[in-house]
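# Reading the structure
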Amino acid sequence: IAMPCFTMSLGAISNLIALGILVKSYARFRRRSRTTFLLLVGALLATDLVGHIIPGAFALRLYLAKMHWSAVDRSGAFCQLFGACMVFFGLCPLFLSGAMAVERCVGVTRPLLHSRAVTSTHAKLAVALLYILALLVAALPLAKVGRYSRQFPDTWCFLQVHGTLSLTDLGLTLVFSGLGLASLCLSLLCNSLSGLALLQARHSTQSHDIEMMAQLAGITLVSCICWSPFLIFISLSVSKSFSGTDYDLRHYQWLVFLGVRMASWNQILDPWVYILLRRAVLRRVYRVLNPHRQLAHSSFRTMEKDQQNASLH
(Lines give C-alpha, C1' and ligand atoms only; values in the text may rest on other atoms or scores of the structure.)
Protein backbone atom coordinates (compact mmCIF):
# COMPACT_ATOMS: atom_id res chain seq x y z
CA ILE A 1 0.00 0.00 0.00
CA ALA A 2 2.99 2.31 0.41
CA MET A 3 3.62 2.62 -3.35
CA PRO A 4 0.14 3.86 -4.40
CA CYS A 5 0.07 6.24 -1.43
CA PHE A 6 3.49 7.63 -2.33
CA THR A 7 2.83 8.06 -6.05
CA MET A 8 -0.63 9.55 -5.51
CA SER A 9 0.69 12.05 -2.96
CA LEU A 10 3.72 12.95 -5.06
CA GLY A 11 1.59 13.40 -8.19
CA ALA A 12 -0.97 15.57 -6.41
CA ILE A 13 1.64 17.80 -4.74
CA SER A 14 3.66 18.18 -7.96
CA ASN A 15 0.65 19.19 -10.03
CA LEU A 16 -0.64 21.59 -7.36
CA ILE A 17 2.75 23.35 -7.22
CA ALA A 18 2.86 23.62 -11.01
CA LEU A 19 -0.72 24.92 -11.17
CA GLY A 20 0.12 27.59 -8.57
CA ILE A 21 3.08 28.76 -10.65
CA LEU A 22 0.95 28.65 -13.80
CA VAL A 23 -1.74 30.88 -12.28
CA LYS A 24 0.88 33.51 -11.42
CA SER A 25 2.32 33.32 -14.94
CA TYR A 26 -1.13 33.64 -16.49
CA ALA A 27 -1.82 36.77 -14.44
CA ARG A 28 1.57 38.27 -15.29
CA PHE A 29 1.69 37.55 -19.03
CA ARG A 30 -1.26 38.84 -20.99
CA ARG A 31 0.19 38.22 -24.45
CA ARG A 32 -2.40 36.33 -26.45
CA SER A 33 0.21 34.09 -28.08
CA ARG A 34 1.30 33.00 -24.62
CA THR A 35 -2.18 32.90 -23.08
CA THR A 36 -3.43 30.09 -25.32
CA PHE A 37 -0.37 27.99 -24.54
CA LEU A 38 -0.81 28.57 -20.80
CA LEU A 39 -4.47 27.56 -21.05
CA LEU A 40 -3.48 24.26 -22.66
CA VAL A 41 -0.75 23.69 -20.07
CA GLY A 42 -3.26 24.42 -17.31
CA ALA A 43 -5.69 21.89 -18.79
CA LEU A 44 -2.89 19.30 -18.96
CA LEU A 45 -1.81 19.87 -15.35
CA ALA A 46 -5.39 19.82 -14.05
CA THR A 47 -6.06 16.61 -15.97
CA ASP A 48 -2.87 15.06 -14.59
CA LEU A 49 -3.91 16.05 -11.07
CA VAL A 50 -7.42 14.58 -11.28
CA GLY A 51 -6.15 11.63 -13.33
CA HIS A 52 -3.71 10.77 -10.59
CA ILE A 53 -6.12 11.10 -7.67
CA ILE A 54 -9.16 9.22 -9.03
CA PRO A 55 -7.46 6.04 -10.39
CA GLY A 56 -5.15 6.18 -7.36
CA ALA A 57 -8.17 6.17 -5.08
CA PHE A 58 -9.51 3.06 -6.85
CA ALA A 59 -6.17 1.29 -6.40
CA LEU A 60 -5.93 2.42 -2.78
CA ARG A 61 -9.39 1.00 -2.07
CA LEU A 62 -8.25 -2.35 -3.43
CA TYR A 63 -5.11 -2.37 -1.30
CA LEU A 64 -7.15 -1.51 1.79
CA ALA A 65 -9.41 -4.48 1.00
CA LYS A 66 -6.25 -6.63 0.69
CA MET A 67 -7.05 -7.32 -2.97
CA HIS A 68 -10.34 -9.04 -2.15
CA TRP A 69 -12.35 -7.99 -5.20
CA SER A 70 -15.48 -9.61 -3.82
CA ALA A 71 -15.43 -7.13 -0.95
CA VAL A 72 -15.37 -4.04 -3.19
CA ASP A 73 -16.88 -5.14 -6.50
CA ARG A 74 -19.77 -7.54 -6.07
CA SER A 75 -21.71 -5.99 -8.95
CA GLY A 76 -18.76 -5.41 -11.29
CA ALA A 77 -19.36 -1.64 -11.42
CA PHE A 78 -16.12 -0.89 -9.59
CA CYS A 79 -13.97 -2.48 -12.30
CA GLN A 80 -16.00 -0.81 -15.05
CA LEU A 81 -15.50 2.66 -13.58
CA PHE A 82 -11.84 1.94 -12.81
CA GLY A 83 -11.22 0.88 -16.41
CA ALA A 84 -13.11 3.87 -17.82
CA CYS A 85 -11.00 6.24 -15.72
CA MET A 86 -7.81 4.55 -16.91
CA VAL A 87 -8.81 5.01 -20.55
CA PHE A 88 -10.11 8.58 -20.17
CA PHE A 89 -7.19 9.89 -18.11
CA GLY A 90 -4.78 8.01 -20.35
CA LEU A 91 -5.98 9.60 -23.60
CA CYS A 92 -6.54 13.15 -22.33
CA PRO A 93 -2.88 14.02 -21.55
CA LEU A 94 -1.77 12.59 -24.89
CA PHE A 95 -4.44 14.59 -26.74
CA LEU A 96 -3.55 17.79 -24.87
CA SER A 97 0.17 17.37 -25.56
CA GLY A 98 -0.65 17.06 -29.25
CA ALA A 99 -2.85 20.17 -29.10
CA MET A 100 -0.05 22.13 -27.41
CA ALA A 101 2.38 21.04 -30.12
CA VAL A 102 -0.01 22.13 -32.89
CA GLU A 103 -0.64 25.48 -31.18
CA ARG A 104 3.09 26.21 -30.89
CA CYS A 105 3.77 25.03 -34.43
CA VAL A 106 1.20 27.50 -35.78
CA GLY A 107 2.49 30.22 -33.44
CA VAL A 108 6.10 29.81 -34.56
CA THR A 109 5.68 29.04 -38.26
CA ARG A 110 2.54 31.14 -38.99
CA PRO A 111 2.49 33.95 -36.41
CA LEU A 112 0.02 36.10 -38.36
CA LEU A 113 -2.44 33.23 -38.70
CA HIS A 114 -1.95 32.44 -35.01
CA SER A 115 -2.71 36.03 -33.96
CA ARG A 116 -5.93 36.03 -36.02
CA ALA A 117 -7.28 32.53 -35.57
CA VAL A 118 -5.91 31.10 -32.30
CA THR A 119 -7.73 32.66 -29.36
CA SER A 120 -8.45 31.69 -25.78
CA THR A 121 -12.00 30.78 -26.79
CA HIS A 122 -10.72 28.45 -29.50
CA ALA A 123 -8.28 26.87 -27.05
CA LYS A 124 -11.06 26.19 -24.54
CA LEU A 125 -13.24 24.74 -27.30
CA ALA A 126 -10.41 22.47 -28.44
CA VAL A 127 -9.87 21.23 -24.88
CA ALA A 128 -13.60 20.49 -24.51
CA LEU A 129 -13.68 18.55 -27.80
CA LEU A 130 -10.64 16.49 -26.82
CA TYR A 131 -12.24 15.67 -23.47
CA ILE A 132 -15.42 14.58 -25.26
CA LEU A 133 -13.46 12.34 -27.65
CA ALA A 134 -11.62 10.66 -24.76
CA LEU A 135 -14.90 10.28 -22.88
CA LEU A 136 -16.58 8.62 -25.87
CA VAL A 137 -13.79 6.05 -26.17
CA ALA A 138 -13.88 5.37 -22.42
CA ALA A 139 -17.67 5.00 -22.44
CA LEU A 140 -17.84 2.44 -25.24
CA PRO A 141 -17.31 -0.64 -23.00
CA LEU A 142 -20.00 0.71 -20.65
CA ALA A 143 -22.32 0.55 -23.68
CA LYS A 144 -21.26 -3.08 -24.28
CA VAL A 145 -18.85 -2.16 -27.09
CA GLY A 146 -15.74 -3.92 -25.85
CA ARG A 147 -15.22 -4.72 -22.17
CA TYR A 148 -13.19 -3.85 -19.13
CA SER A 149 -11.56 -6.60 -17.10
CA ARG A 150 -9.15 -7.08 -14.24
CA GLN A 151 -5.51 -6.98 -15.24
CA PHE A 152 -2.43 -8.72 -13.88
CA PRO A 153 -1.68 -8.79 -10.97
CA ASP A 154 -5.36 -8.09 -10.15
CA THR A 155 -4.65 -4.52 -9.00
CA TRP A 156 -6.23 -2.53 -11.83
CA CYS A 157 -8.79 -2.68 -14.63
CA PHE A 158 -8.45 -1.87 -18.30
CA LEU A 159 -9.64 -2.94 -21.73
CA GLN A 160 -9.44 -6.69 -22.34
CA VAL A 161 -5.93 -7.31 -23.72
CA HIS A 162 -5.29 -10.97 -22.78
CA GLY A 163 -7.10 -14.25 -23.21
CA THR A 164 -10.08 -14.83 -25.48
CA LEU A 165 -10.88 -11.65 -27.42
CA SER A 166 -13.74 -10.66 -29.66
CA LEU A 167 -13.28 -8.50 -32.75
CA THR A 168 -14.70 -5.58 -30.78
CA ASP A 169 -12.14 -6.07 -27.99
CA LEU A 170 -9.34 -6.08 -30.55
CA GLY A 171 -10.66 -3.02 -32.37
CA LEU A 172 -11.23 -0.92 -29.25
CA THR A 173 -7.78 -1.64 -27.82
CA LEU A 174 -6.16 -0.83 -31.17
CA VAL A 175 -8.21 2.41 -31.32
CA PHE A 176 -6.89 3.40 -27.88
CA SER A 177 -3.32 2.52 -28.81
CA GLY A 178 -3.60 4.12 -32.25
CA LEU A 179 -4.97 7.39 -30.89
CA GLY A 180 -2.20 7.52 -28.29
CA LEU A 181 0.61 6.77 -30.74
CA ALA A 182 -0.87 9.21 -33.30
CA SER A 183 -0.87 11.95 -30.66
CA LEU A 184 2.77 11.26 -29.84
CA CYS A 185 3.74 11.28 -33.52
CA LEU A 186 1.84 14.53 -34.07
CA SER A 187 3.67 16.11 -31.13
CA LEU A 188 7.05 14.99 -32.45
CA LEU A 189 6.30 16.27 -35.96
CA CYS A 190 5.01 19.66 -34.82
CA ASN A 191 7.88 20.12 -32.35
CA SER A 192 10.41 19.33 -35.10
CA LEU A 193 8.86 21.90 -37.42
CA SER A 194 8.73 24.49 -34.64
CA GLY A 195 12.33 23.82 -33.65
CA LEU A 196 13.56 24.23 -37.22
CA ALA A 197 11.64 27.48 -37.56
CA LEU A 198 13.16 28.83 -34.35
CA LEU A 199 16.66 27.91 -35.52
CA GLN A 200 16.12 29.72 -38.81
CA ALA A 201 14.83 32.82 -37.01
CA ARG A 202 17.22 32.65 -34.05
CA HIS A 203 18.22 36.31 -34.34
CA SER A 204 14.62 37.48 -33.92
CA THR A 205 13.45 34.72 -31.57
CA GLN A 206 12.12 35.97 -28.24
CA SER A 207 12.92 34.30 -24.95
CA HIS A 208 9.31 33.38 -24.22
CA ASP A 209 9.17 31.41 -27.50
CA ILE A 210 12.25 29.44 -26.48
CA GLU A 211 10.82 28.85 -23.00
CA MET A 212 7.53 27.49 -24.34
CA MET A 213 9.29 25.25 -26.86
CA ALA A 214 11.65 23.92 -24.19
CA GLN A 215 8.70 23.06 -21.94
CA LEU A 216 6.77 21.48 -24.79
CA ALA A 217 9.77 19.46 -25.95
CA GLY A 218 10.30 18.22 -22.40
CA ILE A 219 6.64 17.24 -21.99
CA THR A 220 6.70 15.42 -25.35
CA LEU A 221 9.90 13.56 -24.47
CA VAL A 222 8.47 12.47 -21.12
CA SER A 223 5.21 11.36 -22.77
CA CYS A 224 7.06 9.31 -25.39
CA ILE A 225 9.24 7.58 -22.80
CA CYS A 226 6.38 6.90 -20.38
CA TRP A 227 3.57 6.00 -22.77
CA SER A 228 5.17 4.32 -25.80
CA PRO A 229 5.96 0.99 -24.04
CA PHE A 230 2.40 0.61 -22.74
CA LEU A 231 0.76 1.51 -26.06
CA ILE A 232 3.03 -0.88 -27.96
CA PHE A 233 2.74 -3.73 -25.45
CA ILE A 234 -1.08 -3.73 -25.42
CA SER A 235 -1.13 -3.69 -29.24
CA LEU A 236 1.19 -6.69 -29.38
CA SER A 237 -0.75 -8.53 -26.69
CA VAL A 238 -4.20 -8.15 -28.30
CA SER A 239 -2.80 -9.03 -31.72
CA LYS A 240 -1.28 -12.28 -30.43
CA SER A 241 -4.33 -13.14 -28.32
CA PHE A 242 -6.77 -12.54 -31.18
CA SER A 243 -4.72 -14.48 -33.73
CA GLY A 244 -4.62 -17.49 -31.43
CA THR A 245 -0.86 -18.00 -31.79
CA ASP A 246 1.07 -19.53 -28.92
CA TYR A 247 2.87 -16.94 -26.83
CA ASP A 248 4.15 -16.51 -23.27
CA LEU A 249 1.05 -15.05 -21.59
CA ARG A 250 2.74 -14.30 -18.28
CA HIS A 251 5.58 -12.49 -20.07
CA TYR A 252 3.15 -10.19 -21.85
CA GLN A 253 1.16 -9.66 -18.66
CA TRP A 254 4.34 -8.45 -16.97
CA LEU A 255 5.17 -6.22 -19.95
CA VAL A 256 1.73 -4.57 -19.86
CA PHE A 257 1.96 -4.15 -16.08
CA LEU A 258 5.41 -2.57 -16.40
CA GLY A 259 4.06 -0.33 -19.16
CA VAL A 260 1.17 0.98 -17.08
CA ARG A 261 3.54 1.66 -14.18
CA MET A 262 5.74 3.71 -16.51
CA ALA A 263 2.70 5.54 -17.91
CA SER A 264 1.58 6.52 -14.41
CA TRP A 265 4.84 8.44 -13.92
CA ASN A 266 3.97 10.71 -16.83
CA GLN A 267 1.47 12.54 -14.62
CA ILE A 268 4.16 13.05 -11.97
CA LEU A 269 6.89 14.23 -14.35
CA ASP A 270 4.79 16.63 -16.48
CA PRO A 271 4.50 19.31 -13.77
CA TRP A 272 8.21 19.15 -13.00
CA VAL A 273 9.04 19.66 -16.66
CA TYR A 274 6.96 22.84 -16.58
CA ILE A 275 8.47 23.95 -13.25
CA LEU A 276 12.13 23.30 -14.09
CA LEU A 277 12.11 24.59 -17.69
CA ARG A 278 10.93 28.11 -16.85
CA ARG A 279 13.12 31.06 -17.80
CA ALA A 280 13.78 32.00 -14.16
CA VAL A 281 15.09 28.50 -13.38
CA LEU A 282 17.12 28.24 -16.59
CA ARG A 283 18.76 31.62 -15.90
CA ARG A 284 19.82 30.46 -12.43
CA VAL A 285 21.21 27.23 -13.82
CA TYR A 286 23.11 29.20 -16.46
CA ARG A 287 24.59 31.49 -13.81
CA VAL A 288 25.74 28.51 -11.76
CA LEU A 289 27.31 26.77 -14.76
CA ASN A 290 28.92 29.94 -16.19
CA PRO A 291 29.88 32.14 -13.23
CA HIS A 292 32.89 33.73 -15.02
CA ARG A 293 30.90 34.66 -18.09
CA GLN A 294 28.15 36.09 -15.91
CA LEU A 295 30.72 38.13 -13.98
CA ALA A 296 32.27 39.43 -17.20
CA HIS A 297 28.82 40.34 -18.54
CA SER A 298 27.99 42.21 -15.31
CA SER A 299 31.33 44.06 -15.37
CA PHE A 300 30.80 45.05 -18.99
CA ARG A 301 27.36 46.44 -18.20
CA THR A 302 28.78 48.35 -15.21
CA MET A 303 31.50 49.87 -17.43
CA GLU A 304 28.85 50.90 -19.96
CA LYS A 305 26.83 52.65 -17.26
CA ASP A 306 29.96 54.44 -15.92
CA GLN A 307 30.81 55.67 -19.42
CA GLN A 308 27.26 56.91 -19.95
CA ASN A 309 27.32 58.75 -16.63
CA ALA A 310 30.70 60.27 -17.45
CA SER A 311 29.47 61.48 -20.83
CA LEU A 312 26.47 63.10 -19.16
CA HIS A 313 28.70 65.01 -16.78
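Residues numbered from 1 in each chain as written. Predicted model: local features only at pLDDT ≥ 70, side-chain atom pairs only at ≥ 80, totals over all residues. Heavy atoms only, no water.

## A word on the packing of helix H7 (residues 167-200) against helix H8 (residues 207-243)
The criterion, for reference: Convention adopted: a line fitted to C-alpha atoms gives each axis, helices being fitted over their contacting stretch, and angles between N-to-C directions are expressed from 0 to 180 degrees. For the purposes of this entry, the term helix denotes a DSSP run of H or I that reaches at least four residues, the term strand denotes a run of E that reaches at least two, and both are numbered from the N terminus. The scheme is simple: roughly parallel for angles under 35 degrees, roughly antiparallel for over 145, roughly perpendicular for 65 to 115, oblique for anything else. With the far helix as reference, a near helix turned anticlockwise by less than a right angle produces a left-handed crossing, and one turned clockwise produces a right-handed crossing. Here the nonpolar group is Ala, Val, Leu, Ile, Met, Phe, Trp, Tyr, Cys and Pro; Asp, Glu, Lys and Arg are the charged ones; every other residue, Gly included, is treated as polar.
Between H7 and H8, whose axes approach to 9 Å, the crossing angle comes to 155 degrees. Considering the angle they form, H7 stands roughly antiparallel to H8. For the pair H7 and H8, the sense of crossing is left-handed. Looking at side-chain class alone, the contact of H7 with H8 contains 18 nonpolar, 12 polar and one charged residues.

## Quick word on the packing of aromatic side chains
Heads up, the condition is: Here the aromatic set is Phe, Tyr and Trp, taking the six-membered ring for Trp, and pairing holds for ring centres within 6.5 Å; pairs whose planes are under 30 degrees apart are stacked, those over 60 apart are edge-to-face, and all others are tilted. The cut-offs for exposure are 20% and 50% of the maximum accessible area for each residue type, with area from a 1.4 Å probe on protein chains only; residues under the lower value are buried, those over the upper are exposed, and the others partly exposed.
Here the structure, examined in full by the defined rule, presents 16 aromatic pairs. Taken together, a centroid distance of 5.0 Å and an interplanar angle of 70 degrees make the contact between Phe58 and Phe78 edge-to-face. Highlighted residues: Phe58 in helix H2 (residues 32-64) and Phe78 in helix H4 (residues 77-109), separated in sequence by 20 residues. By the burial criterion, Phe58 is buried, and Phe78 matches it. Centre to centre, the rings of Tyr247 and Tyr252 are 5.3 Å apart; their planes meet at 80 degrees, and the pair counts as edge-to-face. Owing to a relative accessible area of 22%, Tyr247 belongs among the partly exposed residues under this scheme.

## Things to note about the pairing of strand E1 (residues 148-151)
Filter applied, for reference: Strand pairing requires that DSSP identify at least two bridges connecting the strands.
Summarising the sheet, E1 and strand E2 (residues 156-159) pair through four bridges and their orientation is antiparallel. Directly across from Ser149, in E2, lies its bridge partner Phe158. Between E1 and E2, which pair antiparallel in sequence order, lie four residues; one of them, Asp154, sits at a positive phi of approximately 65 degrees.

## A closer look at the environment of Lys66
Mapped onto the secondary structure, Lys66 falls in the loop between H2 and helix H3 (69-72). With relative accessibility at 65%, the residue Lys66 sits in the exposed group.

## A look at the UniProt feature "transmembrane region" (unreviewed entry) in the chain
Operational definition: UniProt positions are given in the numbering used here, feature names are shortened, and annotations may be inferred rather than shown by experiment.
If you check UniProt for "transmembrane region" (unreviewed entry), the listed places come out as residues 6-25, 37-60, 80-102, 123-143, 174-201, 213-234 and 254-277 in our numbering. Here residues 37-60 runs as 100% helix and 0% strand, with 34 Å between its end C-alpha atoms. From the first C-alpha to the last, residues 213-234 spans 31 Å; its make-up is 100% helix and 0% strand.

## Overview of the state of the cysteines
Among covalent bonds in proteins, the disulfide is the one between the sulfur atoms of two cysteines. Here is the rule we go by: Only a pair of cysteine sulfur atoms within 2.5 Å qualifies as a disulfide here.
Within the structure shown, the criterion is met by one disulfide. A disulfide bridge connects Cys79 with Cys157, and the sulfur atoms are separated by 2.1 Å. Handedness of the Cys79-Cys157 disulfide follows from its S-S torsion of about -120 degrees: it is left-handed. Residue Cys79 is located in helix H4, and its partner Cys157 is located in strand E2; the two are separated by 78 residues in the primary sequence. Note on accessibility: Cys79 and Cys157 belong to one class, buried. Between Cys185, a free cysteine, and Cys224, which holds the nearest cysteine sulfur, the sulfur-to-sulfur gap is 7.8 Å. For Cys185, a relative accessible area of 51% translates into the label exposed.

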